[in-house]
Amino acid sequence: MRHGKKINHLGRTASHRKAMLSNMAASLILHKRVSTTVAKAKALRKYVEPLLTKSKNDTTHSRRTCFAYLQNKESVKELFDEVSVKVANRPGGYTRILKTGYRLGDNAEMCVIELVDYNEDMLTTASTATGGAKRTRRRGGKKGSDAANTEASTATAPATDAGTAAPAVEAAAQAETETPASSVDTKATDAPAESTDSNEETKDAK
């Protein structure tokens with residue numbers, strides 16, 4: 001059982017493993033990307049990212065601490081002068097592992113480990129992708145947008161109803177103004193007819 005075995009020994013002794021990770025970290029800082037196996041890349045990521053965080057505080061103590069791990073003056077100078085400026089605003093996650101397939105011979109899984117801020121192609125694509133609407137991982141944002149759409153539709157609905165109701169009100173007003181005149185005309189025409197009938201009745205009675 002491998003309970004609690006968090007460190008991958010990589011088939012090497014402690015001194016060999018430390019020297020290998022130190023050389024790989026120095027190469028990654030100088031060349032910004034290294035091709036290696038996935039197992040070594042994951043071990044290197046845990047080794048080099050604390051050094052990148054420490055480089056944000058440019059003091060003599062930080063430089064000596066990083067030199068104790070890297071054992072390379074050029075890589076320490078590059079780390080504190082160039083790389084620390086690039087990663088200043090990034091809160092961790094300085095490296096990226098891109099799998100490239102399997103190696104011929106032993107079929108080991110290969111990859112490229114690189115510094116995120118030095119891959120210009122992926123930075124430009126990410127900036128264009130996020131240049132539009134802001135994307136969040138919360139599910140409540142969709143409900144809020146739907147509520148806003150429903151409110152907008154309800155706000156426009158009374159306006160349209162009022163626009164359609166105005167002609168109907170005008171037509172009803174015209175009908176009301178026309179109906180009294182017609183009723184007056186009918187009463188006026190009915191009155192002489194009744195008077196003529198009464199005259200004829202009086203003549204017959206005589």
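A few points on the structure. (Residues numbered from 1 in each chain as written. Predicted model: local features only at pLDDT ≥ 70, side-chain atom pairs only at ≥ 80, totals over all residues. Heavy atoms only, no water.)

1. Section: the nonpolar core
The following threshold applies: Here, the term nonpolar core denotes a set of buried Ala, Val, Leu, Ile, Met, Phe, Trp, Tyr and Cys residues that are joined through side-chain atoms within 4.5 Å. Only protein chains enter the accessibility calculation, which uses a 1.4 Å probe; a residue is then buried when its area is under 20% of its type maximum, exposed when over 50%, and partly exposed in between. A helix here means a DSSP run of H or I that spans at least four residues, while a strand means a run of E at least two residues long, and both kinds are numbered starting from the N terminus. Contacts are assigned to residue pairs with any non-hydrogen atoms lying within 4.5 Å of each other.
Ranked by size, the top nonpolar core spans 27 residues in total, and within it Leu44, Leu70, Leu79 and Val83 carry the most contacts. At the level of elements, helix H1 (14-31), helix H2 (38-54), helix H3 (60-70), helix H4 (73-86) and strand E3 (109-115) are the ones that each hand at least two residues to this core. Counting residues per element, this core draws most heavily on H2, at eight residues. Discounting residues that sit within four places of it in the chain, Leu79 has contacts with Ile29, Leu51, Leu52, Ser55, Cys66, Leu70 and Ser84.

2. Some words on the sheet that holds strand E2 (residues 95-102)
As a reminder of what qualifies: Pairs of strands are assigned from DSSP output, requiring at least two bridges between the strands. Axes here mean lines fitted to C-alpha atoms, for a helix over just the part in contact, with angles spanning 0 to 180 degrees between N-to-C directions.
One open sheet accounts for three strands, arranged E1-E3-E2; its pairing is antiparallel. In the strand order of this sheet, the two ends are held by strand E1 (33-37) and E2, each with one partner. Across the sheet, the mean angle separating the axes of adjacent strands is 25° when strand polarity is ignored. Here E1 runs beside E3; their pairing, made up of five bridges, is antiparallel. Across the sheet, the residue bridging to Ser35 is Val112, located in E3. Those strands touched by H1 are E1, E2 and E3, and its axis lies near 140° from that of E1. Where H2 meets the sheet, it contacts E1, E2 and E3, and its direction lies at approximately 15° from that of E3.

3. A word on H4
Here is the rule: Every helix has an expected span of 1.5 Å times one less than the residues it contains. To obtain the bend at a residue, axes are fitted to the seven residues ending there and to the seven starting there, and the angle between these axes is taken.
Over its 14 residues, H4 runs 19 Å from end to end, which matches the ideal 20 Å to within 8%, given 1.5 Å per residue. Helix geometry: H4 is bent most strongly at Leu79, by close to 40°. The complete set of buried residues in H4 reads Ser75, Val76, Leu79, Phe80, Val83 and Ser84. The inward-facing, buried residues of H4 abut H1, H2, H3 and E3.

4. Notes on H3
Rule in force here: Directions from the helix axis toward the C-beta atoms define the arc.
If you check which residues of H3 are buried, you get Ser62, Thr65, Cys66 and Leu70. Looking down the long axis of H3, one finds its buried residues gathered within 130° of arc, a one-sided arrangement. In H3, the exposed residues that point more than 90 degrees away from the buried face are Thr60, His61 and Arg64. Taken together, the buried residues of H3 touch H1, H2 and H4.

5. What about unusual backbone geometry?
Although it is not a glycine, Leu10 adopts a positive phi angle of roughly 60°. Here Leu10 is to be found in the segment before H1. Assessed through its relative accessible area of 13%, Leu10 is described here as buried. The phi dihedral of Gln71 falls on the positive side, at around 55°, and the residue is not glycine. Assignment of secondary structure puts Gln71 in the loop between H3 and H4.

6. Things to note about the packing of aromatic side chains
Put simply, the rule is: Think of it this way: a Phe, Tyr or Trp ring, Trp meaning its six-membered ring, pairs with another when their centres are within 6.5 Å, and the plane angle makes it stacked under 30 degrees, edge-to-face over 60, tilted otherwise. Either the NZ atom of lysine or the CZ atom of arginine qualifies as a charge over a ring when it sits within 6 Å of the ring centre and within 35 degrees of the ring normal.
Counted according to the given criterion, the structure contains one aromatic pair. Relative to Tyr69, the ring of Tyr47 lies with its centre 5.8 Å away and its plane at 75°, an arrangement referred to as edge-to-face. You can see Tyr47 sitting in helix H2 and its partner Tyr69 sitting in helix H3, a full 22 residues away along the chain. Residue Tyr47 is classed as buried on the basis of its relative accessible area, which comes to 15%. Lying over the aromatic face of Tyr118, Lys32 brings its terminal NZ or CZ to 5.0 Å of the ring centre.

7. Some thoughts on the side chain of Glu49
In plain terms, the rule: His is not counted, nor are the chain ends, whereas Lys and Arg count as positive and Asp and Glu as negative. Note on definitions: salt bridges are taken to be side-chain nitrogens of Lys or Arg within 4 Å of carboxyl oxygens of Asp or Glu.
Assignment of secondary structure puts Glu49 in helix H2. No salt bridge is formed by the buried Glu49. Its closest oppositely charged neighbour is Arg45, at 5.3 Å. Aside from chain neighbours lying at most four places away, what touches Glu49 is Gly93, Tyr94 and Thr95.

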